[in-house]
Protein chains: 2
Amino acid sequence: MNELIKKGQLANEAKIALANLSSVDKNKALDRVAHALIEHQDVLLEANQLDIMHAEENGVKGTLIDRLTLTESRIHAMAEGIAKIIKLDDPIGEVLGMKKQPNGLEIGQRVVPLGVIGIIYEARPNVTVDAFALCFKTGNAVILRGGKEAIHSNMKIVEVIREALRQVDMPVDAVSLIEDTSRETATDMMKLNDYLDVLIPRGGAGLIQAVVHNSTVPVIETGVGNCHIYVDQEADLTMATDILVNAKTQRPGVCNACESLVVHEAVADAFLPEACTQLKAFQVDIVGDASSQRIVPTIGAAEEADYGTEYLDYKLSVKIVKDLDEAIKHINRYNTKHSEAIITENYTHARRFLDEVDAAAVYVNASTRFTDGFEFGFGAEIGISTQKLHARGPMGLKELTTTKYIIYGNGQIRV
Amino acid sequence: MNELIKKGQLANEAKIALANLSSVDKNKALDRVAHALIEHQDVLLEANQLDIMHAEENGVKGTLIDRLTLTESRIHAMAEGIAKIIKLDDPIGEVLGMKKQPNGLEIGQRVVPLGVIGIIYEARPNVTVDAFALCFKTGNAVILRGGKEAIHSNMKIVEVIREALRQVDMPVDAVSLIEDTSRETATDMMKLNDYLDVLIPRGGAGLIQAVVHNSTVPVIETGVGNCHIYVDQEADLTMATDILVNAKTQRPGVCNACESLVVHEAVADAFLPEACTQLKAFQVDIVGDASSQRIVPTIGAAEEADYGTEYLDYKLSVKIVKDLDEAIKHINRYNTKHSEAIITENYTHARRFLDEVDAAAVYVNASTRFTDGFEFGFGAEIGISTQKLHARGPMGLKELTTTKYIIYGNGQIRV
């Protein structure tokens, strides 16, 4: 707790200066950080080796070690990520909707940083750089609490960033890392209301639910995506197959991948056999309800729990429904409010799906895989919000800001 | 807990229909509710009498009984409040920033309701009507949990509203009241993540802090205002006195009233005696630091705790500072991020105050009393947000909405 409070205080002392930096100065500092990461790649790789060694000793599985691993090219990619953030417009300082009121007061909403952002994440050192750069560009201080497997890499990365900031006379407490990676510290961080304006978890469903259910600091819930594709009775079935195969197999480990297929019973016979054949070519494990098993005997039996599972893998659940109402009801029951798609040529069905499905992104005739900051046209993102407060969908720079009302008067009093 | 879950489920079943109502239908229903309240004023007054009788038996103090009391004219005022909300523009359904991406996807952000809003409040029956009307106009279902002192009034009001909704074929579960007013139920409501999209506390500092520190449902923190007026060394002292007296005395029981005066030492001698004389004419109790007591001997001694107290009464704390830096630091330390004002003729000081004071509304040369929805030009409000996520400052209809991305494709897959 001492470490949290100390770093919380330092971040809060830094935040006013950070809020008032010019874009030119912020971009100059980010550029220095990008170069510093490359200049210090040897020490970064060395620290990372230590993490990898410990992970291997502790029997951490291969995919996790892959996420943990830094290479020269990955360090360059981190630096290039910063370069992209430098190019984005700085949202801070814009005054929205300034108007003169009848009594002469001029009232406008100025875009300002949130203040101090806490980020709890897993063993991915690239998040350390990425989260810092997005927060810094928007004038926020950030307190990072990464997974224990990446602690040596993270400590070295944050040291390099802070030293780079020092060189260009920027407040070094713009970024700090919680070095105590115990579970208790993470829990304490969720109660740090006096020092954190917002807490953003980045990682798997377990981490996110732990933060949502324990944090009294305002949270932005991100990432878990139990995404559906609904093939309507009036779908173009070739388009439906292409979109399904893409959304399931193009990159199955990400949150906007399709996890569940919902099919109207009128087209199930015509659609499922070919779709399953194409999915099987990618070794997709398919489980479904009894009706789907009757049409495609190789489909395994789905349990109730399958419909609520984000597999993040080559696996798909299938549900056959009698109409659009049942499809919408099923999706609203099991989805995580991330991304949902209908494939249809019917105008009214498309509109009803857009109106009635409750999710951050609702698609007609396109793959759910497009839900991200770059595809939506606003660049790097800190996560995909699946909650309704503050931000919904991909969170770019704008979502790391708030507003303050500024009011110019000349002696007005209230009568 | 059973009552909460049952009403939570019903509200969630109603929310999709509510989200897709036309403005015409919503306004028609609100108009029916406004008339129904007046038609049933006798039963409302009768139920209210029961609450007042119990409150008097339990020795509840006069100001609270006043807030609890309904009269014919107050019921008419509630109906007129609904009429004003009917006249406001409905924000639901607008699509923001729809653009065609390079791959042909058309992506826009549609304004949609939050879903189900929980409101925890004290013994003010007018909040029951007001909160329902604002939530209904924005297509949200609302679950109300009012203070136990007003339970009979609230039950009858909600019964009248639901009956009016039934008459015009609207989903009656647009509004429900938690009838179990135990503390445990309030605490359980703060954990109702599966059924509530947001929880808004309305009331005093104790209630709001209890909700902020216990709720895992996303909260919008409202209302507590420890507001300062800083009289700069280059202030027009007559303007400063007028603004201070107005902000302190025009309505001392509200959140945007001034609670603390900060004065530059260079003008303290010239400013304080006259300002204190004018405040004393309103029986304002003034406490201050040693320097202020030397200038005006009738000023009492301020304790450290005074600077952190929202008096909501004819009382004011005074602090003399040596410069603008100290003023800003003092304000950022003790304020509740509500409304803060500087009185100055100095351009750079005004700009620095706007830049560096962290609050929902920052004023130059005007009374803090202007922070409310009507004065800011957007009508009725559900509260003044003092947090940074989602909404900051007066929360009108727009702040009761979120967005969903809607995406029109023609077969796009991700490559």
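Residues numbered from 1 in each chain as written. Chains lettered and ligands numbered in written order. Predicted model: local features only at pLDDT ≥ 70, side-chain atom pairs only at ≥ 80, totals over all residues. Heavy atoms only, no water.

Applicable threshold: UniProt positions are given in the numbering used here, feature names are shortened, and annotations may be inferred rather than shown by experiment.
The name that an unreviewed UniProt entry assigns to chain A is Gamma-glutamyl phosphate reductase, with the source organism given as Vallitalea pronyensis. As stated in UniProt under Catalytic activity (unreviewed entry), the record for chain A gives "L-glutamate 5-semialdehyde + phosphate + NADP(+) = L-glutamyl 5-phosphate + NADPH + H(+)". Reading the Subcellular location (unreviewed entry) entry of the UniProt record for chain A gives the comment "Cytoplasm".

## Let's talk about unusual backbone geometry
Residues and elements named next belong to chain B. What counts, and what does not: By definition, any uninterrupted DSSP run of H or I lasting at least four residues is a helix, any uninterrupted run of E lasting at least two residues is a strand, and each is numbered from the N terminus. Burial status follows relative accessibility: with a 1.4 Å probe on protein chains alone, a residue under 20% of its type maximum counts as buried, one over 50% as exposed, and anything between as partly exposed.
Look at Leu-312: it is not a glycine, yet its phi comes out positive at around 55 degrees. One can find Leu-312 in the loop between strand E10 (300–301) and strand E11 (315–321). Accessibility expressed as a relative area gives 34% for Leu-312, which makes it partly exposed. Although it is not a glycine, His-390 adopts a positive phi angle of roughly 75 degrees. One can find His-390 in the loop between strand E14 (384–385) and strand E15 (393–394).

## So, the sheet that holds strand E9 (residues 285–288) of chain B
This is how the line gets drawn: Two strands make a pair as long as DSSP finds a minimum of two bridges between them.
Across the sheet, which stays open at both edges, the 10 strands sit in the order E1(A)-E2(A)-E16(A)-E13(B)-E12(B)-E7(B)-E8(B)-E11(B)-E9(B)-E10(B) with mixed pairing between neighbours. With partners counted over all chains shown, the strands left at the sheet margins are strand E1 (95–100) of chain A together with E10 of chain B, one partner each. Alignment of E9 of chain B against E10 of chain B, held across 2 bridges, turns out to be parallel. Along E10 of chain B, the bridge assignment pairs Gly-288 of chain B with Ala-301 of chain B.

## Structural notes on the environment of Lys-315 of chain B
Here Lys-315 of chain B shows up in strand E11. Through-space distance from the C-alpha of Lys-315 of chain B to that of Gly-62 of chain B is 19 Å; in sequence the pair is 253 residues apart.

## Some thoughts on the environment of Val-129 of chain B
All names here are of chain B. Note the cut-off: Contacts are assigned to residue pairs with any non-hydrogen atoms lying within 4.5 Å of each other.
The topology assignment puts Val-129 in helix H6 (residues 125–137). Given a relative accessible area of 2%, Val-129 falls into the buried group. Sequence separation between Val-129 and Asn-48 is 81 residues; the distance between their C-alpha atoms is 14 Å. Setting aside chain neighbours within four positions, we find Val-129 in contact with Leu-37, Met-78, Ile-82 and Ile-157.

## Digging into empty space enclosed by the protein
Leftover empty space is mapped by rolling, across the atoms, a probe with the size of a water molecule. Put simply, the rule reads: Cavity means a closed set of points on a 1 Å grid over the protein atoms alone, one where a 1.4 Å probe fits but cannot get out, pocket means an open set with protein on both sides within 12 Å along at least 5 of 7 lines, and lining means a residue has an atom within 4 Å of a point. Grid points are joined across faces, edges and corners, and a volume is the space filled by probe spheres set on the points. Classes in brief: Ala, Val, Leu, Ile, Met, Phe, Trp, Tyr, Cys and Pro nonpolar; Asp, Glu, Lys and Arg charged; the others, Gly included, polar.
The final tally for this structure, using the stated rule, is 1 cavity of 30 Å³ or more. In this structure, the largest cavity occupies an estimated 50 Å³ of space. As for the largest cavity, its lining consists of Pro-218, Val-219, Gln-387 and Leu-389 of chain A together with Pro-218, Val-219, Gln-387, Leu-389 and His-390 of chain B. Classifying every residue of the lining of the largest cavity gives 6 nonpolar, 3 polar and no charged.

## Looking at the interface of chain A and chain B
In plain terms, the rule: Once two parts are brought into contact, the accessible area they lose, counted with a 1.4 Å probe and summed over both, makes up the buried area. Think of a salt bridge as a Lys or Arg side-chain nitrogen and an Asp or Glu carboxyl oxygen that are within 4 Å of each other.
Facing the 70 residues of chain A at the interface are 70 residues of chain B. Among the residues of chain A in contact with chain B, Leu-389, Tyr-405 and Arg-414 of chain A are the three that bury the most area, contributing 15% of the side total. Glu-375 of chain B is the partner of Arg-414 of chain A in a salt bridge, and the nearest nitrogen-oxygen pair spans 3.4 Å. At the level of secondary structure, the elements contributing two or more residues to the side of chain A that touches chain B comprise helix H1 (2–19), strand E2 (106–113), helix H9 (205–214), helix H10 (237–249), helix H14 (347–356), strand E13 (361–366), strand E15 (393–394) and strand E16 (401–412) of chain A. Top contributing element to the side of chain A that touches chain B by residue count: E16 of chain A, with 11 residues. Here the side of chain A that touches chain B is built from residues that sort into 32 nonpolar, 24 polar and 14 charged. As judged from the 5 bridges shared by E16 of chain A and strand E13 (residues 361–366) of chain B, these two strands associate in the parallel manner. By the bridge assignment for E13 of chain B, Tyr-408 of chain A is matched with Val-364 of chain B.

## Focus on the packing of H10 of chain A against helix H11 (residues 265–280) of chain A
All names here are of chain A. Heads up, the rule is: Where helices are involved, their axes are fitted lines through C-alpha atoms of the stretch in contact, as for all axes, and angles between N-to-C directions lie from 0 to 180°. When describing relative orientation, an angle under 35 degrees is termed roughly parallel and one over 145 degrees roughly antiparallel, while 65 to 115 degrees is termed roughly perpendicular and anything else oblique. For a crossing to be left-handed, the near helix must be turned anticlockwise from the far one by less than a right angle; the clockwise case is right-handed.
Running from N to C, H10 and H11 point in directions that differ by 40 degrees, and their axes come no closer than 10 Å. The angle between H10 and H11 places the two elements in the oblique class. Relative to H11, H10 is oriented so that their crossing is right-handed. Listed contacts from H11 to Leu-237, Ala-240, Thr-241, Leu-244, Val-245, Lys-248 and Thr-249 of H10 are Val-267, Ala-270, Phe-271, Ala-275, Gln-278 and Leu-279. For the contact of H10 with H11, a count of residues per class yields 9 nonpolar, 3 polar and 1 charged.

## Considerations on the sheet that holds strand E6 (residues 198–202) of chain A
Residues and elements named next belong to chain A. Overall, parallel pairing links the 4 strands, which are arranged E5-E4-E3-E6 in an open sheet. Two strands close off the open sheet at either side, each with one partner strand: strand E5 (175–177) and E6. The sheet shows a mean angle of 20 degrees between the axes of neighbouring strands, direction not considered. Sheet topology note: the strand E3 (residues 116–121)/strand E4 (residues 141–145) ladder contains 5 bridges and is parallel.

## Considering the UniProt feature "domain: Aldehyde dehydrogenase" (unreviewed entry) in chain A
Residue and element names in this part refer to chain A. According to UniProt, the feature "domain: Aldehyde dehydrogenase" (unreviewed entry) maps to residues 10–286 and 316–404 in the numbering used here. Span residues 10–286 is 52% helix and 17% strand, its end C-alpha atoms 52 Å apart. Taken as a whole, residues 316–404 contains 24% helix and 28% strand, while its terminal C-alpha atoms sit 46 Å from one another.

## Overview of the pattern of salt bridges
According to the stated counting rule, one finds 46 salt bridges over all chains in the structure shown. Between Arg-32 of chain A and Glu-39 of chain A there is a salt bridge whose closest N-O contact spans 2.8 Å. Exposure remark for Glu-39 of chain A: the relative accessible area of 51% places this residue in the exposed category. Note that Asp-197 of chain B and Lys-388 of chain A form a salt bridge whose closest N and O atoms lie 3.7 Å from each other.

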